[in-house]
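Next come the chains, spelled out residue by residue.
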Amino acid sequence: MEIRKTSNPEKNRSLKNKHFNNLREFSLVGISYTLLTIILTYPVFFKIKTDIPGTGADSFQWMRILWYTKIAIKETDLAALTHDNLLFYPNGIESMPFSSAFNQILYVLMSPFLELHVIYTILWLSTFIIGAIGSYFLVKYLTDNKYAAFIAGIVFAFSPYHFSRGLYFFGAATVEWIPFCALYLMKTVKEEGVKNPIIAGIFFVLVAMSDLQYLVFMGIFAGLVFFYDFYLTLKAGKSFTYSIKQIIEKYFFFGGVAFIGVLPLTINEILTALSDQNYLKPSASEIPKLSNDLMSFFLPSHLHPFLGQFTLDLYSNIPSWLAEKVNFIGYIVLGLSILTLLKSKRKPDVKFWLISTFFFTIISLGPILHFNGAVTFTDSNLKIQLPYQILYNTIPFLKNCRTVGRFFVIATLGYSVLAGYGFSELLKYKPERKKLIFTIVGFLLVFEYLSIPYPTAQVNVPGFYYKISSDKDNYAVLEVPQNSNAGYMDFQYLYYQTIHNKALVGGYAARYPPNVNNFQSETPLIKELKYYSLGTKDILQEDVNDIGASVLNAYNIRYVIVHKNQLSGEQLEFVSDLLNKTLKTEPDVYAEDELIVYRIPDETTRPFMLLGDGWNNPENWEGTITRWISNKATLSVYSGFTENAILKVNACSLHSPKTLEVYNGKTLQSKQTINASLSTINIPVTLNKGKNTIVLNVPEGTERPCDFPELKNNDTRGLSIAIQKVQLINSPENMSSKE
């Protein structure tokens, strides 16, 4: 006899209704948060074709990061993810390949269809929508109250923290995956099985792909969840051994997924952090400066249309970047959080969120308490030490996290959860009026967080950059003014590069090796254009007017672009005079864009010299600049053709006679004896076309001035030969060949 399985129509209908209701709820929530995003970020959405959100600055750098990802993937002969060859030309700079991998990947996928600035704005707006939805689902899961959940979504996604970081810092504004990771970590605690830990691990990877600092912060939060889960397991009366086994099984899957996903994103940074050249580590002074000020938790945002004009002066007392100063919790949120503390503090989940929120709030204050900019209190200049220093000394790679104040992003999520708990308690007083209460609280909350009209920056590009974008040759351009140090540049130059696709002399990097700016500081003509001065003399006897064009040609720098509106009258006069004398060509003037563009004449490179490695700092010997070498130093000589030349130098040894061996690469050119008295020597060298590395080698090694009493000198340096007045002159012989 065959037994047939029959379906249960009532059960199927109920299941379909549940799915339909969930879909309807999700759609309604998504649409509501989308409309709120459009309203509360006004006019960002309405200017999507012409503007980007924020005030420009780092936003232009972030757009370039997105653009460079595509270049590095598609044009491997020109660029690489781990070394940016298109900035700080010609040497490039070590780069962080995945500053915000989630946004970088989405840009690559969307770039065939939309312009860069439009994609940037869409991704920026999505951080509010998705972040709000994530917070909604988290608090709905914890409270089973959709009204409380919706309020929580507003608290997290539209927080002043988010709006303020969104002005400049795209990675820091990418907060949307944090609540989803927290949701599935909570499900890991409260539910059996390995599905939730795996999903939590996936969202943890998405957090890491949003901002690498958030990876560290979320990792600490996951550690707190781990201990909370362990505590609950023990409290349930289960044996210690069983508790350990159960916890390890769940978090093995979470950790495994997270490790596999995160390692490829961070391996480059890990290797840098473990090296002796860890340029990612901020200076000791930056950490207190970029920690939160206690007053900022209670101070409405400077972006507030009504209150901002009163709070801006107060924010000026806080020694940090303006976008990092704002951490307003909101008095509605504080009130709801206090209500949670009073009514629900005995519930384990509420305890966890109270403790974790307080923890991240305190940690965001950094190593020393700041209040209204002050770090010392009382007449005895008391400094109040905070717990952050303990984390700094114990958690791996935390030393590389510069903006300590951003720990507050996890606290922001905590306050949204506490506000959700508090609002659900509030509704219990008048459940029949929940819609009215929801409307009033929601309105007051939005008013406190209001940041409209939100600042936007135009993405206008001068026509000249479009003109050279059609030129398929690879070369570099030099923008004037240049960056004054490696940490600053007119950020619009970076955006212009996404149009013209040429390498830039100089550039901007948030973290950079100490020698990244050497080319601009040491190269003839480029250094004069950087400092608006012919500069102090050195040991090389060269006239920048004679060799300037050769320098630019040798380095394949085809254009010098002068931005008139960014120079003072005196600076513009100096730059124009120097370039006219050096290049001897008429520039193109783009009056509408206030640009003066010099095309470098294509001519044979005249020989010129650059100091290389191994030289001591310059000294003034009775008006003559002199440098000591130890046992070896290098000199780069560039030539447009193969030729014989003479290096004419003044030299003397420290104490006893020394042998000076001169090589071009590995080929010995000359060997001469240098005595202790200053004399002029001529060194014959054969130059090849292009770059020649001239090596000055002293085989006897060094001596220390302090070891010779008759010198009466306490100098402990190891020295061999002093050199001054280096000239490169034509050899009287005929050059062997010219090309």
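Since we're looking at a predicted model, the values are computed, not measured.

**Overview of the pairing of strand β19 (residues 721-730)**
Summarising the sheet, strand β12 (residues 624-629) and β19 pair through four bridges and their orientation is antiparallel. Within β19, the residue paired with Trp-628 across the bridge is Ala-722. Bridge analysis of strand β14 (residues 643-653) against β19 gives eight bridges, and the strand direction is antiparallel. The partner of Asn-650 across the bridge, within β19, is Gln-724.

**Here we look at the packing of aromatic side chains**
Taken as a whole and judged by the stated rule, the model has 56 aromatic pairs. Among the aromatic residues, those joined into a cluster by ring pairs are Tyr-214, Phe-217, Phe-221, Tyr-228, Phe-352, Trp-353, Phe-359, Phe-360, Tyr-388, Tyr-392 and Phe-407. Note that Lys-502 overlies the ring of Tyr-475, its terminal NZ or CZ placed 4.8 Å from the centroid. It is Arg-599 that lies over the ring of Tyr-559; its NZ or CZ is 5.6 Å from the centre.

**Details of the sheet that holds strand β6 (residues 503-504)**
Taking strand neighbours across the sheet as the criterion, the five strands line up as β6-β5-β7-β9-β8 in an open arrangement whose pairing is mixed. Taken across any chain shown, the strands that pair with only one partner, and hence form the sheet edges, are β6 and β8 (588-590). In this sheet, strand β9 (residues 595-599) lies alongside strand β7 (residues 557-563) in antiparallel orientation, the contact comprising five bridges. Bridge assignment links Val-560 to a residue of β9, and that residue is Tyr-598. Its contacts with the sheet place helix α25 (residues 569-583) against β5 (476-480), β7 and β9, and it is angled at close to 20 degrees to β9.

**Considering the pattern of salt bridges**
Following the criterion strictly, the structure yields 18 salt bridges and no others. One salt bridge in this structure joins Glu-425 and Lys-347, with 3.9 Å as the shortest N-O distance. Placement of Glu-425 in helix α18 (residues 408-427) and of Lys-347 in the loop between α15 (331-344) and α16 (348-363) is noted, with a sequence separation of 78 residues between them. Judged by its relative accessible area of 42%, Lys-347 falls in the partly exposed class. Among the salt bridges present, the one from Arg-558 reaches Asp-471, with a minimum N-O distance of 3.3 Å. Of this pair, Arg-558 sits in strand β7 while Asp-471 sits in the loop between α20 (463-469) and β5, placing them 87 residues apart in sequence.

**Details of the packing of helix α24 (residues 544-554) against α25**
Taken N-terminus to C-terminus, the directions of α24 and α25 make an angle of 80 degrees; their axes are 7 Å apart at the nearest point. When the interaxial angle is binned, α24 and α25 end up roughly perpendicular. Residue-level contacts link Val-544, Asn-545, Gly-548, Ala-549 and Leu-552 of α24 to Leu-578, Lys-581, Thr-582 and Leu-583 of α25. Tallied by class, the residues present in the contact of α24 with α25 amount to five nonpolar, three polar and one charged.

**Quick look at the sheet that holds strand β10 (residues 608-611)**
Read from one edge of the open sheet, five strands run β10-β13-β18-β15-β16, paired in antiparallel fashion. Each of the sheet's edge strands pairs with one partner strand only, and the pair in question is β10 and β16 (667-674). When strand polarity is set aside, the average angle formed by the axes of neighbouring strands in this sheet is 20 degrees.

**What to know about α16**
Across its 16 residues, α16 extends 22 Å between first and last C-alpha, which sits within 8% of the 22 Å expected from 1.5 Å per residue. Listed as buried for α16 are Asp-349, Val-350, Phe-352, Trp-353, Leu-354, Ser-356, Thr-357, Phe-360, Thr-361 and Ile-363. Those residues of α16 that are buried are in contact with α4 (116-143), α8 (178-190), α10 (212-235), α15, α17 (388-394) and α18.

**A few points about the side chain of Thr-659**
Take Thr-659: it is sitting in strand β15 (residues 658-664). Judged by its relative accessible area of 17%, Thr-659 is buried. In terms of polar contacts, Thr-659 uses its side chain to reach the side chain of Glu-700, at 2.7 Å. Residues within four places of Thr-659 in sequence aside, it is in contact with Lys-671, Gln-672, Asn-697, Val-698, Pro-699 and Glu-700.

**Points about the environment of Asp-613**
Inspection of the secondary structure puts Asp-613 in the loop between β10 and β11 (619-621). For Asp-613, a relative accessible area of 61% corresponds to the exposed category. Residues Asp-613 and Lys-632, spaced 19 residues apart in sequence, show a C-alpha to C-alpha distance of 8.4 Å. Residues contacting Asp-613, with those up to four places away along its chain left out, are Lys-632, Ala-633 and Thr-634.

**Points about the packing of helix α3 (residues 101-110) against α4**
Two numbers describe a pair of packed helices, the interaxial angle and the distance between the axes. As a packed pair, α3 and α4 sit with axes 10 Å apart at the nearest point and diverge in direction by 135 degrees. Between α3 and α4, the angle is such that the two are oblique. Along this stretch, α3 crosses α4, giving a crossing that reads as right-handed. Along the contact surface, α3 presents Asn-103, Leu-106, Tyr-107 and Met-110, while α4 presents Leu-116, Ile-119, Ile-122 and Leu-123.

**Some remarks on the confidence of the model for the protein chain**
Detail in the predicted coordinates should be disregarded across regions flagged by low pLDDT. Across the protein chain, pLDDT averages 90, with 95% of residues at or above 70. Segment residues 734-739: pLDDT under 50, and 14 contacts once partners within four positions in sequence are set aside and those in other chains are kept.

**As for the pairing of β16**
Two elements, β15 and β16, share seven bridges in a ladder whose sense is antiparallel. The partner of Leu-660 across the bridge, within β16, is Gln-672. Turn length for the β15-β16 hairpin, with the two strands adjacent in sequence and antiparallel, is two residues, and the turn residue Gly-665 shows positive phi of about 70 degrees.

Thresholds, definitions, all that
Residues numbered from 1 in each chain as written. Predicted model: local features only at pLDDT ≥ 70, side-chain atom pairs only at ≥ 80, totals over all residues. Heavy atoms only, no water. Pairing = 2+ DSSP bridges. Helix = DSSP H or I, 4+ residues; strand = E, 2+ residues; numbered from the N terminus. Phe/Tyr/Trp six-rings, centres within 6.5 Å; stacked < 30°, edge-to-face > 60°. Lys NZ or Arg CZ within 6 Å of the ring centre and 35° of its normal. Contact = heavy atoms within 4.5 Å. Axes fitted to C-alpha atoms, helices over the stretch in contact; angles between N-to-C directions. Salt bridge = Lys/Arg side-chain N within 4 Å of Asp/Glu carboxyl O. Buried < 20%, exposed > 50% of the residue type's maximum accessible area, 1.4 Å probe, protein only. Parallel < 35°, antiparallel > 145°, perpendicular 65-115°, else oblique. Nonpolar A, V, L, I, M, F, W, Y, C, P; charged D, E, K, R; others polar. Expected span 1.5 Å × (residues − 1). Polar contact = N/O pair within 3.5 Å; in protein donor to acceptor, adjacent residues only side chain to side chain. Left-handed = near helix turned anticlockwise from the far one by under 90°. pLDDT = per-residue confidence, 0-100.

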